[in-house]
Amino acid sequence: MDSIVWTITTAFLVLFLAKFVQNRRKESEKRSNIKLLPPGRRGWPIIGDSLNWYNAVASSHPPAFVEQQVQRYGKIFSCSLFGKWAVVSADPTFNRFVMQNEGKLFKSSYPKSFRELVGINGVITAQGDQQRKLHSIASNMMRLDKLKFHFLKDIQVVMIRTIKNFPNNHVLLLQDACRKVAINLMVNQLMGASSESEVNEMAQLFSDFADGCLSVPINLPGFTFHTAMKARTNIVSKINKTIEMCRSKEKEEVGNGLLGRLVEEGSLPDDNVADFIINLLFAGNETTAKTMLFAVYFLTHSPNAMAQLLEEQEKLRSQRSSSFHGEEEEMLTWQDYKSMPFTQCVIDETLRLGGIAIWLMREAKEDIPYQVHLDENLYEEALTFNPWRWMDPQNQLLSSIDDAGGTVLYLPSFFFVANLGV
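Right, let's walk through the structure included here. (Residues numbered from 1 in each chain as written. Predicted model: local features only at pLDDT ≥ 70, side-chain atom pairs only at ≥ 80, totals over all residues. Heavy atoms only, no water.)

Observations regarding the overall build of the protein chain
So, point 1. In terms of regular secondary structure, the protein chain is built from 16 helices and seven strands.
So, point 2. In the protein chain, which comprises 422 residues, the proportion classed as buried is 41%.
So, point 3. Across the protein chain, contacts joining residues at least 24 apart in sequence account for 69% of those joining residues at least 6 apart.
So, point 4. Put simply, the protein chain shows about 24900 Å² of open surface, and 57% of that area lies on carbon and sulfur atoms. (Helix = DSSP H or I, 4+ residues; strand = E, 2+ residues; numbered from the N terminus. Buried < 20%, exposed > 50% of the residue type's maximum accessible area, 1.4 Å probe, protein only. Contact = heavy atoms within 4.5 Å. Areas by Shrake-Rupley, 256 points an atom, 1.4 Å probe, with all protein chains shown as cover.)

The following block contains the structure:
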């Protein structure tokens, strides 16, 4: 009996020691990997720099956190975000490397608050084959022939109606006006809604929803995330009601809304449709509103560009007026749009300089080495032989040399790509 007890005790002791050694080895490997990260601060335990990042996102200048770290550590730095180690890059070459390896070495990854609000079945958050399927459906719904006829006309109708509803002799907040135009257009295109009351209700719900997408994920009354989740529930309810209405109508009564066409074609199961529409609402509304806002801002600060833009559009207007001989002008056609090359230049430059997507988030599928041994942002006078640089403790963190002779940055499981805008 004593021998059996002794054998069992010994077995448990061996298992405990083996587990202890294994955990110590993992901790040692983790500390070793951290040394391979690019320079940066570690922040508070667990929280890291998450609060600083959230505060920047909620401010009038979201890239502030990244800009501060770039000044201290260079265009590629590390920090702790959302409980994980992150590599933050504002380096175009490195970001291009990440985008070129999308789906191979990296996959999309977003904070918990964003994932729960936009849903797992949307084109933004889906992965692999599901993402490709959703992207194909979205692209098919926005084919060039649809843009030429339906979308171009709808944009003009929305713009004219919105401008006519502006009150006289009142100061207008440009951001609010751009958001109203964008949500009006997106609700019309995606859900087929057109009445003023429907649009205003969706605009308020979506404003609450968007505010919570990058908030602290605490679902309790009084927190932004809680308000956003309630808004999501109401938006999903409206989408489901619209689906029921589409099914009860005749084919020719469904209209041109994307939701109606999805129901008609049966491209997606009902439980995926709501996430799909919410993803497109979020992507389309935010980018459209910000692009319009930046375009007006940049043109206001560039009188020469404004003058040439107005000259081009006035020339087109006079040509169209002479064609109609005093009759009521028709909507702009696709040919009219293509005949304004400088207008397209203004759009392209706004998209380039405006930085509509301030940052993208990607997760490394495995530990990935990336050579930066000649990067001037990490090594002062990188092309100069200077052995004394390694006497700097900060450079010693980068002294892991691979077989090719280059410093290797260790990209951990969570990877964050930053693209600085204005």
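Some words on the pattern of salt bridges
So, point 1. Scanning the entire structure with this criterion turns up six salt bridges.
So, point 2. With a shortest N-O distance of 2.7 Å, arginine 362 and glutamate 102 are connected by a salt bridge. Here glutamate 102 lies in the loop between α4 (92-100) and β3 (106-108) and arginine 362 lies in strand β4 (residues 359-364), a separation of 260 residues in the sequence.
So, point 3. When its relative accessible area of 9% is taken as the criterion, arginine 362 is described as buried.
So, point 4. Where glutamate 116 meets lysine 112, a salt bridge forms, and the shortest distance between an N and an O atom there is 3.9 Å. (Salt bridge = Lys/Arg side-chain N within 4 Å of Asp/Glu carboxyl O.)

Thoughts on the nonpolar core
Nonpolar side chains tend to gather and get buried jointly when the protein is soluble and globular.
So, point 1. Residues Phe209, Ile239, Phe276, Ile277 and Leu281 are the most contacted members of the largest nonpolar core, which totals 60 residues.
So, point 2. The element that contributes the greatest number of residues to this core is helix α10 (residues 224-248), accounting for nine residues.
So, point 3. Those residues in contact with isoleucine 277 that sit more than four places away from it in its chain are Leu190, Met191, Ile239, Leu258, Leu259 and Leu262.
So, point 4. Listed in part, the five residues of the second largest apolar core include Leu299, Leu309, Phe342 and Val346. (Core = buried A, V, L, I, M, F, W, Y, C linked by side-chain atoms within 4.5 Å.)

Regarding the packing of aromatic side chains
So, point 1. Per the stated rule, a full pass over the model turns up nine aromatic pairs.
So, point 2. Relative to phenylalanine 97, the ring of phenylalanine 94 lies with its centre 6.2 Å away and its plane at 15°, an arrangement referred to as stacked. On the criterion of helical spacing, the pair formed by phenylalanine 94 and phenylalanine 97 is a turn pair, its members being three residues apart in helix α4.
So, point 3. For phenylalanine 94, a relative accessible area of 0% puts it in the buried group.
So, point 4. Ring centres of tryptophan 334 and tyrosine 337 lie 5.2 Å apart, and the angle between their planes is 40°; this geometry places the pair in the tilted category. (Phe/Tyr/Trp six-rings, centres within 6.5 Å; stacked < 30°, edge-to-face > 60°.)

Here's the deal with α4
So, point 1. Buried residues of α4: Phe94, Asn95 and Val98, and no others. An end-on view of α4 places all buried positions within 100° of arc, on one side of the element.
So, point 2. Measuring from the side-chain oxygen of the N-cap residue of α4 to the backbone nitrogen of phenylalanine 94 gives 2.9 Å; that N-cap residue is aspartate 91. (Arc of directions from axis to C-beta. Polar contact = N/O pair within 3.5 Å; in protein donor to acceptor, adjacent residues only side chain to side chain.)

Some thoughts on the pairing of β4
So, point 1. With five of its six residues buried, β4 lies for the most part within the structure.
So, point 2. As paired elements, β3 and β4 share three bridges and run antiparallel to each other. Within the sheet, the bridge partner assigned to lysine 107 lies in β4 and is glutamate 363. (Pairing = 2+ DSSP bridges.)

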